[in-house]
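# Architecture at a glance
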Amino acid sequence: MGEESETASASADRHLLQKIAKIFNETRTSYATHNRKLKELATIRSKLSSSDADDSSSIRQFSSAFFKTLTPLFVAAQRRTAAAERVVRFVAEFACLRGNSDGDSDCDEFLGEFLKFLVAGSVAANRNARFRACQIISEIILRLPDEVEVADELWDDVIDCMMVRVQDKAPVIRTFSVRSLSRFVNDPENSDILDLLLEVLPLEQNPEVRKTIVLSLPPSNATTQAIIDCTLDVNESVRKAAYSVLANKVPLQSLSIKLRTTILQRGLTDRAVNVSKECLKLMKDQWLSNCCQGDPIEFLKYLDVETYESVAESALEVLLSEGLIMPADDKSIQQYILLADGEARDESSCSPPSIQLMEPEIALYWRIICRNLHKSAQAKGSDAATAMGAEAAVYAAEASDANDLLERILPATVSDYVALVKAHIEAGPNHHFASRQLLLLGTMLDFSDAMLHKTASSFVQELLHSPFEQELDEDGNSIVIGDGINLGGDRAWADAVSKLAKKVHAAPGEYEEIILVVVEELARPCRERTADFLQWMHMLSLTSLLLENGKSIHSLQGKAIEPEEILHALLLPGAKHTHLDVQRIAVKGLGLFGLLEKKPSEELVRQLRVAFCRSPPPISIMASKALVDLGMWHSPTEVDKAMGQDLSSQFDDESIDFVPIDLSNAEGDLNLKMLDLLYAGLETDDWRAYTESSENESVKATIGEGFAKLLLLGEKYPNLPPSFYPFVLGKLVALYFSEESKEQLRFKQCLSVFFEHYAALSEKHKGYVSKAFVPLIRSLWPGIDGITKMSSYVVSNQRKRAVQASRFILQMMQTPLYKKETRGGPESAEDSIQTPLDRTEEGLAIRIAIEMVSFKAKKTAAEKAYVLALCKILVLLNLKPSEQNVIKLMRRLLSRVADSVSSEKELLKEVKQMLDHLKCLDASPSEELSQDEANSIFETLGVSYDLDITAPATVPQTPAPCSTRPTRSRRRVRVETSSDEDEQVASPPPPSAATNLMTRSHRASKAAALAKMTASRMKLSDAEEDDEEEEEASDVTAEDSDESE
């Protein structure tokens, strides 16, 4: 009877397995069968539980059959096919299936058993098993109704398991683990889940996992910044997901003004169309429609237009281009110009207007609206002029409609416009922003009528005569409000005044004439020496505004003041004024005046050099800008010729050994060429004593940007000395990795863009990069050039920076060149020309190898670290069979490099691998390199090295060559044979069997003991000598582990 019951039970289990397997096979075909098969499988489970008195045993029996049938999905290493995905979705739906109230207990029990099974699978060693387990768990958690009761202990096990899987090595497993945890991340009791997601998000390498994490983050103060940071992600889908989360989860009111503008600035200018569309959707649907009820003025109030004008302007431009905002018929600027009784004015009104002041958001809104209409009218008018027939009529009608709408919005008369702007200017600094917006509206008005032109010209005269605003400090001294350089103390205000003046005085030469008349009037007290520093600043700011917008010196001739008078009576005396702010504006004017000259004058260049060398940092910054601009415009050679005397330059020396220049020496510095003078500014540390509060500028940053431009455009300056390029390039790399440049964010951004393009532009640039490598790394490495006493921490940091710089230059050398557009056969023939040796990685390898073997066999700790760091760079170079002579020379040099690093097993192994690679590239190993051929290669690279070709090239064994002294005992030294075929090591003969059985004699034991004692004394004495040399040379105590960092 027992055997029959077991047989029946086994038959029932097989029948159950067949039913479940059949259902699974049918669900693989289509999702349409899932509802019907869910009912069938639920019926099987309910029948099994109703036929058995013990519900728990029946559920366990069903679960066991269910798991066995599902096991092949976990074990098979299959791809994510559509059939398998349908099965996964089906089993997740079945696990979440709820029946009637009587069957909920069976469902809950099965769900618990299934989760335990999946938790066990999620920790399996098999990757596919972990993947399927996490996938099904995520599907179950996301589909499970809230009313389902699951044991807390089981949920804790599931959560803990998924938190572990978040750091799985497989990206797809991490993705489904994050999806599983996304439902619990809002629970305050599971705050550790949120902390884990925020921790792994910046470290995650897979974009799909990052996207899933971003979509799972809840809105909170802790997650908002992390979500916004993902708007700068390198992957398009992650950036799009970040904007989707911001739109759906993060309210506008919960964001600060800085974050709102950051989101719009990044999203609207994103290079991916899908991302910019998602940002537009966020701005349009959520911020504008939901939060601001479609009111653009209200929307602008959330952006602080006075601080973030460009962002608000871009947002309005996008909304206008999409047709989402348009001025209503009853809204215009004219409603802010009222009669005395409060009614709106019209063209027939003669009484003086009563002005209602605008808010900053309203002023910006109307300026953007009017500018858009003005551009549209001009574009449609141009299209109508070029088109014909009905098409021209349509364009003309559209242009007429835009002009009519613009005329309805703008003030009715020029007098009203002037009154409107004056009212805002007189209202004080709180309405300065609105005043500037209204000034720009004047560029859209018509001043062709004589009366209108006279009114507008009188208003422009008032603007030009407006002095700097000032206030008194505690001591009663006057302090200028604003930047103290531009008219009105604001660059944007000066540009607005200049644009309005150009519109009013549009006739040729009229703009220069009107400004020079004002300048001549303001210059009278300056010439009579009765003007205070504010009057000097006002006059010089107007002069700079004219020079900045002028086309040439010829356009200034024949006016109220001649160009020579501007230079000698205004700018040069201003540069020698006692007040520093006056000097700064005058130096700026000198730079602008020099750009308009055909050739820079001697007085101008001399004064700029004096201001650069002997003035405080604010003036030196302005002088360095002027000198860089003059050098770029006229060429550095022309600027030096303007001095009219022979100037010396250290760049003429090919040795690239720059002697520091003391700029405090007023007599000697002016005899240097311009490039040497500017380079001295990079070497001087005193420039960091002053930092601009507004733009965080410095002399080093200004000169560095100028030198970067000179390097990029070097082909336009053929007279520059050849040593200038690698020397300055190395200095820029050193500045890029220096500690002092961390605060100079704009400077570092400029250099990063420069380095990215410089090496990829031409092969000549790669030659400069190769030539700059060794001098740069040698100068950065502590303890090489000179004796330095410093802590091990400082030494370690300096070594790390030097290693970073070396790898950065290596990356520049390996950057592929930009492809040139081929127009025919000649350019394709140029591509076939072989690259010169000094511009290739082989040339850099020879330079590094020569630098490594230039040190003595017995090195200090700093020299050892330096040589090992160079060796690690050397093995990263890609050597190609460009020339057989180069290959043979490299083999010679690398054999000596191997001898210099013989104490380092790993590095010696890498060098030997390079030797093996070179041996494979050597087409004729039997032929030797001649001395003349080696000297020719050195001459091509511009290096001097005395290589004796006749000396034998041997490679030491790993880790060190064994002693040739014969052993007197049975114990033999273990020798690792080298992989180099050129090296032959004589191995001792194998001992005989009789010798193996004999014991060591007393004499042999005594000899071995004496040999050990002698060897230990020699090692100790050598170590003491090394310690003494290290203490004398440098205080380097960092371990070798720092060298590789």
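Residues numbered from 1 in each chain as written. Predicted model: local features only at pLDDT ≥ 70, side-chain atom pairs only at ≥ 80, totals over all residues. Heavy atoms only, no water.

## Re the overall build of the protein
As a reminder, the rule being used: Helical segments are the DSSP runs of H or I of at least four residues, strand segments are the runs of E of at least two, and each set is numbered from the N terminus. Burial classification: accessible surface area is computed with a 1.4 Å probe over protein chains only, and a residue below 20% of its type maximum counts as buried, one above 50% as exposed, and the rest as partly exposed. Only heavy atoms enter the contact rule, under which two residues are in contact if any of them lie within 4.5 Å. Per-residue and other accessible areas were derived by the Shrake-Rupley procedure at a 1.4 Å probe size, with only the shown protein chains allowed to occlude residues.
Each helix and strand counted, the protein has 43 helices and 4 strands in total. The burial tally for the protein puts 47% of its 1045 residues in the buried class. A sequence separation of at least 24 residues applies to 72% of the contacts in the protein between residues at least 6 apart. By element, 50% of the accessible surface of the protein is carried by carbon and sulfur atoms, the whole surface being about 53000 Å².

## Quick look at the confidence of the model for the protein
Spelled out, the test is: Note on scores: pLDDT gives the predictor's confidence for each residue, bounded by 0 and 100.
Looking at the protein, pLDDT values average 82 and 82% of them are 70 or higher. For residues 822–830, every residue scores under 50 in pLDDT, and the model assigns this stretch 3 contacts once sequence neighbours within four places are set aside. Confidence over residues 966–1003 falls short of pLDDT 50; this stretch has 29 contacts with residues more than four positions distant or in other chains.

## Some remarks on the pattern of salt bridges
The cut-off we apply is this: The salt bridge definition used is simple: a Lys or Arg side-chain nitrogen within 4 Å of an Asp or Glu carboxyl oxygen.
In this structure the tally under the stated criterion is 33 salt bridges. With its nearest N and O atoms 3.1 Å apart, the salt bridge here joins E93 to R89. Of the two residues, E93 and R89 are both situated in helix α4 (residues 82–95); the distance of 4 residues between them amounts to about one turn of the helix. Looking at E93, the relative accessible area reads 17%, which means it is buried. Linking R584 and D581 is a salt bridge whose minimum nitrogen-to-oxygen distance equals 4.0 Å. Here the residue R584 and the residue D581 both occupy positions in helix α26 (residues 580–596), the gap between them amounting to 3 residues, near one helical turn. According to the relative accessible area criterion, R584 is buried, its value standing at 12%. Several salt bridges converge on common partners, so that one network encompasses E309, E313, E317, R367, R371 and R436.

## Description of a nonpolar patch on the surface
We apply this condition: Like charges within 9 Å and nonpolar side chains (Val, Leu, Ile, Met, Phe, Trp, Tyr) within 5 Å are joined into patches, using only residues over 30% in relative accessible area that form no salt bridge.
There is a patch of nonpolar side chains on the surface, built from L712, L713, L761 and Y818 and spanning about 320 Å² of accessible area. The partly exposed category is assigned to L712, whose relative accessible area is 34%.

## Focus: helix α33 (residues 745–761)
The cut-off we apply is this: Helix span, expected: 1.5 Å multiplied by one less than the number of residues in the helix.
Here α33 is 17 residues long and its end C-alpha atoms lie 25 Å apart, about the 24 Å a rise of 1.5 Å per residue gives. Regarding α33, the residues found buried are F747, L751, F754, F755, Y758, A759 and A760. In this structure, the buried side of α33 is in contact with α31 (699–712), α32 (724–736), α34 (763–780) and α35 (792–813).

## Some points on the packing of α32 against α33
Basically, it comes down to this: Axis definition: a line fitted to C-alpha atoms, limited for helices to the stretch in contact. Angles are taken between N-to-C directions and run from 0 to 180 degrees. Each angle receives one of four descriptions, namely roughly parallel if under 35 degrees, roughly antiparallel if over 145, roughly perpendicular if within 65 to 115, and oblique otherwise. In this scheme the handedness of a crossing depends on how the near helix is turned from the far one: anticlockwise by less than a right angle means left-handed, clockwise means right-handed.
At a minimum axis distance of 10 Å, the contact between α32 and α33 shows a crossing angle of 135°. Relative to α33, α32 is oriented oblique. Between α32 and α33 lies a crossing of left-handed hand. Within the contact between the two elements, α32 uses L729, L732, V733, L735 and Y736 and α33 uses F747, K748, L751, S752, F754, F755 and Y758.

## What about a negative patch on the surface?
The line we're drawing: Charge counting follows a simple rule: Lys and Arg are positive, Asp and Glu are negative, and His as well as the terminal groups are ignored. The location of each charge is read from NZ of Lys, CZ of Arg, CG of Asp or CD of Glu.
A contiguous patch of negative charge, built from D152, E153, D156, D157, D160, D187, E189, D192, D195 and E199, is present on the exposed surface. Of all elements in the fold, only α7 (152–165) and α9 (191–200) reach the threshold of two or more residues within the negative patch. In terms of residue count, α7 provides more of the negative patch than any other element does, 5 residues in total. Along the chain, the position of D156 falls in helix α7.

## Description of the environment of R174
The condition that has to hold: Polar contacts, as counted here, are pairs of nitrogen or oxygen atoms within 3.5 Å of one another; within protein the pair requires one atom able to donate a hydrogen and one able to accept it, and residues that are adjacent in sequence qualify only if both atoms are side-chain atoms.
Considering the arrangement of structural elements, one finds R174 in helix α8 (residues 171–181). With a relative accessible area of 11%, R174 lands in the buried category. When sequence neighbours within four positions are dropped, the list of residues in contact with R174 reads R165, V166, Q167, D168, K169, E204, N206 and V209. Only 2.7 Å separates the side chain of R174 from the backbone oxygen of D168, close enough to count as a polar contact.

## Remarks on unusual backbone geometry
Positive phi values are uncommon outside glycine, yet D304 reaches one of about 55°. Assignment of secondary structure puts D304 in the loop between α15 (296–301) and α16 (309–321). Even without a glycine there, the phi angle at R529 is positive, about 60°. On the secondary structure map, R529 appears in the loop between α23 (510–527) and α24 (533–549). Under the relative-accessibility criterion, R529 is labelled exposed at 79%.

## Comments concerning the nonpolar core
To keep things clear, this is the line we draw: Each nonpolar core is a collection of buried residues, namely Ala, Val, Leu, Ile, Met, Phe, Trp, Tyr and Cys, held together in the definition by side-chain atoms within 4.5 Å. Start and end points for every domain follow an automatic or database-based domain assignment.
Counting 303 residues, the largest nonpolar core has F66, F299 and F707 as its most contacted members. Two domains each provide a minimum of three residues to this core, namely domain 1 (9–218) and domain 2 (446–598). Filtering out sequence-adjacent residues up to four positions away, F299 remains in contact with L264, M283, W287, L288, C292, A315 and L319.

## Some words on the packing of helix α22 (residues 491–504) against α24
Here α22 crosses α24 at 65°, and the two axes come no closer than 11 Å. Between α22 and α24 lies a crossing whose hand is right-handed. In contact with R491, A494, S498 and K502 of α22, α24 contributes L545, E548 and N549.

## Quick notes on the packing of aromatic side chains
Keep this limit in mind: When two rings of Phe, Tyr or Trp (its six-membered ring) have centres within 6.5 Å they constitute a pair, described as stacked for plane angles under 30 degrees, edge-to-face for angles over 60, and tilted for the intermediate range.
Scanning all chains against the criterion turns up 30 aromatic pairs. Ring geometry for F67 against F114: centres 5.7 Å apart, planes inclined by 20°, an arrangement best described as stacked. With F67 in helix α3 (residues 55–75) and F114 in helix α5 (residues 104–122), this residue pair connects regions lying 47 residues apart in the sequence. Note on Y736 and F808: the rings are 5.7 Å apart at their centroids and 25° apart in plane angle, and the pair reads as stacked.

## Examining the environment of R132
With respect to the helices and strands, the residue R132 is situated in helix α6 (residues 127–143). Exposure remark for R132: the relative accessible area of 0% places this residue in the buried category. As a C-alpha pair, R132 and L73 span 59 residues in sequence and 7.5 Å in three-dimensional space. Here the side chain of R132 touches E85 through a polar contact of 3.2 Å, side chain to side chain.

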